[in-house]
Amino acid sequence: MPATKTTSLKIEGMSRGSWLLEMKITLHFASALHIGAGGSLAINTDSPLLRDEKGNPILPGSSIRGVLRHWCEREACVLGVEPHSVFRLFGPPSSNQREDTDRQGRLVITSAKLTSAQTEVRDHIRLDEKYETTDKGAKFDQEVVLPSSGTFYLIYEGDDPN
């Protein structure tokens, strides 16, 4: 993922630390992508896309954050990073929250806006695993974003790295 803008500022009196690092990152999707809205709220499809207030498809920051956290946790030992450092970025796992920890984490990730994305509705069928045939009434359609790109911000607020 190429970063198109990186800014670092030292900020005094900041509640989360004295350092702010902000990166503007552009994701490029090579194939169609479905980011479901979690319900059938549209009349033209069974599975609509998640959209912002302007009607543009979005990829939630929580989804991006989850993928990054999983990668960091998996690769921490290879990179020589202590698990505590991953917790400082993302917060402790929900099963491991304690009173004396920074529960939110220091990394903020905004939703990726897909402003110039084109969409289409694709037909699908669900198969019966036992008989390997089409289930009765199993035709459904799904709205997808065609190959495009989206931009999001990754913001770290914390301690001065020096």
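Look up: the structure comes first, before these words.
First things first, this report covers the structure right here in the doc. These numbers come from a predicted model, not from an experiment.

1. Description of the nonpolar core
Phase 1 of the analysis: Judged by nonpolar contacts, the single largest core of 21 residues is most densely connected at Leu-59, Ile-64, Leu-107, Ile-109, Leu-114, Phe-152 and Leu-154.
Phase 2 of the analysis: When residues no more than four places from it in sequence are discounted, the contact partners of Leu-154 are Leu-21, Glu-22, Met-23, Ile-25, Leu-68, Leu-107, Val-108 and Ile-109.

2. Some points on the pattern of salt bridges
Phase 1 of the analysis: A complete count under the given rule lists 5 salt bridges for this structure.
Phase 2 of the analysis: Put simply, Glu-73 and Arg-69 hold a salt bridge, and the shortest N to O gap is 2.8 Å. Linking Glu-73 with Arg-69, this pair stays in helix α1 (residues 61-79), spanning 4 residues, or about one helical turn.
Phase 3 of the analysis: Residue class for Glu-73 comes out partly exposed when judged on its relative accessible area of 38%.
Phase 4 of the analysis: On the basis of relative accessibility, which here comes to 15%, the residue Arg-69 falls in the buried class.

3. Concerning the pairing of strand β6 (residues 119-128)
Phase 1 of the analysis: Of the strand pairs in this sheet, β6 and strand β7 (residues 133-145) are connected by 9 bridges, and their pairing is antiparallel. What sits directly across from Val-121, in β7, is Glu-143.
Phase 2 of the analysis: Between β6 and β7, which pair antiparallel and follow one another directly, the connecting turn spans 4 residues, one of which, Glu-132, has a positive phi of 55°.

4. Considerations on the pairing of strand β8 (residues 149-158)
Phase 1 of the analysis: Sheet analysis places strand β2 (residues 19-28) next to β8, joined by 10 bridges and oriented antiparallel. Its bridge partner lying in β8, Ile-25 is registered against Phe-152.
Phase 2 of the analysis: The pairing of strand β4 (residues 107-109) with β8 spans 3 bridges and is antiparallel. Paired with Leu-107 across the two strands is Tyr-156, which belongs to β8.

5. A few points about a nonpolar patch on the surface
Phase 1 of the analysis: On the surface, Trp-71, Val-78, Leu-79 and Val-81 cluster together into a nonpolar patch covering about 390 Å² of accessible area.
Phase 2 of the analysis: Of note, Leu-79 is situated in helix α1.
Phase 3 of the analysis: Accessibility expressed as a relative area gives 53% for Leu-79, which makes it exposed.

6. Observations regarding unusual backbone geometry
Phase 1 of the analysis: A positive phi angle, near 55°, is found at Glu-132, a position not held by glycine.
Phase 2 of the analysis: Within the secondary structure layout, Glu-132 lies in the loop between β6 and β7.

7. Focus on α1
Phase 1 of the analysis: Within α1, the axis deviates most sharply at Glu-73, by approximately 35°.
Phase 2 of the analysis: Those residues of α1 not exposed but buried are Gly-61, Ile-64, Arg-65, Arg-69, Cys-72, Glu-75 and Ala-76.
Phase 3 of the analysis: The inward-facing, buried residues of α1 contact β3 (58-59), α2 (83-90), β4, β5 (112-113) and β8.
Phase 4 of the analysis: Immediately downstream of α1, the backbone of Gly-80 shows phi near 75°, a positive value.

What counts and what doesn't
Residues numbered from 1 in each chain as written. Predicted model: local features only at pLDDT ≥ 70, side-chain atom pairs only at ≥ 80, totals over all residues. Heavy atoms only, no water. Core = buried A, V, L, I, M, F, W, Y, C linked by side-chain atoms within 4.5 Å. Buried < 20%, exposed > 50% of the residue type's maximum accessible area, 1.4 Å probe, protein only. Contact = heavy atoms within 4.5 Å. Salt bridge = Lys/Arg side-chain N within 4 Å of Asp/Glu carboxyl O. Helix = DSSP H or I, 4+ residues; strand = E, 2+ residues; numbered from the N terminus. Pairing = 2+ DSSP bridges. Patch = residues over 30% accessible without salt bridge, like charges linked within 9 Å, V, L, I, M, F, W, Y side chains within 5 Å. Areas by Shrake-Rupley, 256 points an atom, 1.4 Å probe, with all protein chains shown as cover. Bend = angle between axes of the 7 residues up to and from the residue.

Geometry only, nothing functional implied.
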